[in-house]
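Structural characterization, general
Residue strings, one per chain:
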Amino acid sequence: KMCSAVGACLNHSIFRVHAAGEHAALHRQRSLPHRPPVIPLVARMADQNTSGTPAMTEREASRLDKFKQLLAGPNTDLEELRKLSWSGIPRQVRPITWKLLSGYLPANAERRESVLQRKRQEYFGFIQQYYDSRNDEHHQDTYRQIHIDIPRTNPLIPLFQQASVQEIFERILFIWAIRHPASGYVQGINDLVTPFFVVYVFEYIEEEVENFDVSSLQEEALRNIEADSFWCMSKLLDGIQDNYTFAQPGIQKKVKALEELVSRIDESVHRHMHHYEVEYLQFAFRWMNNLLMRELPLRCTIRLWDTYQAEPEGFSHFHLYVCAAFLVRWRKEILEERDFQGLMILLQNLPTMHWGNEEVSVLLAEAYRLKFAFADAPNHYKR
C-alpha cells in the first residue's frame with residue numbers, strides 16, 4: 001500500500017507540474033478552430049532528425065530491404081529479426097515486426113492469418129463477456145480510475161483526445177485488469193497501450209498520426225488495432241507483472257538495483273544525490289512504473305521499444321541499464337544543482353522534448369555497454 005501511495009502521490013505532484021503547461025498549450029490550440037492544432041515539439045511523432053519525410057538514405061533503404069527479405073520467407077528467422085531490429089525498425093515494417101518479436105504472431109507465415117483471426121475473436125469475446133460488468137459494485141472503482149486516467153494519457157496529442165480512441169483504451173485496460181486480479185489496474189499501465197496503438201494505426205495510414213481522425217478508418221481496421229494492442233500489451237505486462245502487484249515489489253527491487261548500479265558507474269552523481277537527500281524512489285519510481293514514457297517524447301519510446309523487443313528481457317532487465325545510462329547522461333546538470341528542490345525539479349522535467357532517434361541510439365549503446373561491463377557478475381548490483 002505504502003509504495004502505491006508513494007507512486008500515486010509522486011504521479012499526482014508530477015501531474016500537477018505538467019498540467020499547467022499542458023492546459024495552456026491545449027487552450028492555445030482551441031483558440032485556432034479552423035486549422036488542425038499545432039503539435040508541440042514534444043508530441044510530434046516524426047523523428048526530429050528528419051524534417052518531414054525526406055527521401056530515404058541509401059542505408060535506410062538497404063535496411064528496409066533486409067527486413068522485407070527476412071519477412072517474406074515462409075518461416076521468419078526470429079533470431080535474425082532480433083539482431084536487425086536492435087538498432088531500430090523502419091516504420092513500414094514495424095507493425096508486423098513488433099507482432100512477431102512480442103510472440104503474438106507465429107514465425108510460420110501460413111499460420112499468421114488464422115492466429116490473428118482467432119486472437120481478435122477471443123478479445124471481442126472478452127468484451128462481450130466482461131465489459132458490461134464495469135458498473136458492477138466490485139468493478140466500478142477499477143473502471144472509474146481507468147476513466148479518470150485516460151484523458152491524461154498524452155494530453156498534447158489530439159489523436160488521444162478523440163472519444164472513440166479513449167473508449168478503445170478503456171476497454172483494453174478494463175479487460176486486462178479483470179483478467180489479472182493479482183494486480184488489477186494500476187496507474188501507469190494506461191501509458192503502456194499507447195506505443196502499440198500508434199504503431200498499429202500506422203499499418204492502415206500513410207499520413208501523420210498526431211491529428212489523424214480514427215473515425216475515417218473502417219470499423220474492422222479499428223477493431224484489429226484494438227485487439228492487437230490488447231494482446232501485445234498483455235505480452236509485455238506478463239514479463240513485468242510484479243511491477244504492478246500489491247505494494248509493487250518489482251519496482252521497489254528495480255529502483256534499489258538502479259541505485260546500486262549508479263553507485264558503481266558514477267560515484268560522484270550518486271554521492272551528490274545522497275548529499276542532498278534525494279531518494280531514488282522519488283524520481284525513478286516513475287521511470288520503472290511508466291517505462292520512461294513520461295520522460296521521453298512518444299516517438300523516442302517507440303524507437304526504444306524496437307530494442308526492448310529485440311533484447312531478451314528487454315522490458316524487465318535491459319530497461320534497468322537504460323535508466324542508469326539515462327541518469328548519468330545528465331551528470332553535468334545534476335552536479336550543478338545545489339539543493340534538494342533544484343535536483344527534484346530537474347529530475348522530474350529532464351529536457352528531452354527535442355530528442356529523436358540519434359539521442360535514443362546513443363542512450364541504448366551506453367546501456368548495452370553497461371550491461372556488458374556488469375554481465376560477468378550475476379549479483380552485479382551488490383557491492
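Everything below is about the structure printed above this text.
Below: a short report on this structure.

Conventions we followed
Residues numbered from 1 in each chain as written. Predicted model: local features only at pLDDT ≥ 70, side-chain atom pairs only at ≥ 80, totals over all residues. Heavy atoms only, no water. Axes fitted to C-alpha atoms, helices over the stretch in contact; angles between N-to-C directions. Helix = DSSP H or I, 4+ residues; strand = E, 2+ residues; numbered from the N terminus. Parallel < 35°, antiparallel > 145°, perpendicular 65-115°, else oblique. Contact = heavy atoms within 4.5 Å. Nonpolar A, V, L, I, M, F, W, Y, C, P; charged D, E, K, R; others polar. Salt bridge = Lys/Arg side-chain N within 4 Å of Asp/Glu carboxyl O. Buried < 20%, exposed > 50% of the residue type's maximum accessible area, 1.4 Å probe, protein only. Left-handed = near helix turned anticlockwise from the far one by under 90°. Core = buried A, V, L, I, M, F, W, Y, C linked by side-chain atoms within 4.5 Å.

In this section: the packing of helix H10 (residues 249-265) against helix H11 (residues 267-275). Relative orientation of the contacting elements H10 and H11 amounts to 125°, with a least axis distance of 5 Å. Classified by the angle their axes make, H10 and H11 are oblique. Facing Glu259, Val262, Ser263 and Ile265 of H10, the residues of H11 in contact are Glu267, Val269 and His270. Its residues assigned to classes, the contact of H10 with H11 comprises 3 nonpolar, 2 polar and 2 charged.

Before going further, it helps to examine unusual backbone geometry. Non-glycine residue alanine 247 carries a positive phi angle of around 70°. Within the secondary structure layout, alanine 247 lies in the loop between helix H9 (219-239) and H10. Not every positive phi belongs to a glycine, and glutamine 248 is a case in point at roughly 50°. Summarising the element assignment, glutamine 248 is placed in the loop between H9 and H10.

All right, on to the pattern of salt bridges then. Applying the stated rule across the entire model yields 19 salt bridges. Its salt-bridge partner being glutamate 79, residue arginine 82 comes within 3.7 Å of it at the nearest N-O pair. You can see arginine 82 and its partner glutamate 79 sitting in helix H3 (residues 78-85), 3 residues apart, about one turn around the helix. Judged by its relative accessible area of 46%, glutamate 79 is partly exposed. With a shortest N-O distance of 3.4 Å, glutamate 80 and lysine 83 are connected by a salt bridge.

Before going further, it helps to examine the packing of helix H7 (residues 163-179) against H9. One can describe the packing of H7 onto H9 by two numbers: an axis separation of 10 Å at closest approach and a directional angle of 40°. In terms of axis orientation, H7 runs oblique to H9. Here H7 and H9 pass one another in a crossing that is right-handed. Contacts from Ile168, Arg171, Ile172, Leu173, Ile175, Trp176 and Arg179 in H7 reach Leu222, Glu226, Ser229, Phe230, Met233, Ser234 and Leu237 in H9. Tallied by class, residues from the contact of H7 with H9 come to 9 nonpolar, 2 polar and 3 charged.

Bringing helix H12 (residues 280-289) into the picture now. Within H12, 8 of the 10 residues are buried, leaving the element largely enclosed by the surrounding structure. Of all the residues in H12, the buried ones are Tyr280, Phe283, Ala284, Phe285, Arg286, Trp287, Met288 and Asn289. Of the residues flanking the end of H12, it is leucine 291, one or two places downstream, whose phi is positive at about 50°.

Leu192, Phe197, Met233, Leu258 and Trp305 are the most contacted members of the largest nonpolar core, which has 118 residues in total. Excluding its chain neighbours within four sequence positions, the residues that come into contact with phenylalanine 197 are Leu159, Phe160, Val165, Ile168, Phe169, Val214, Ile225 and Ser229.

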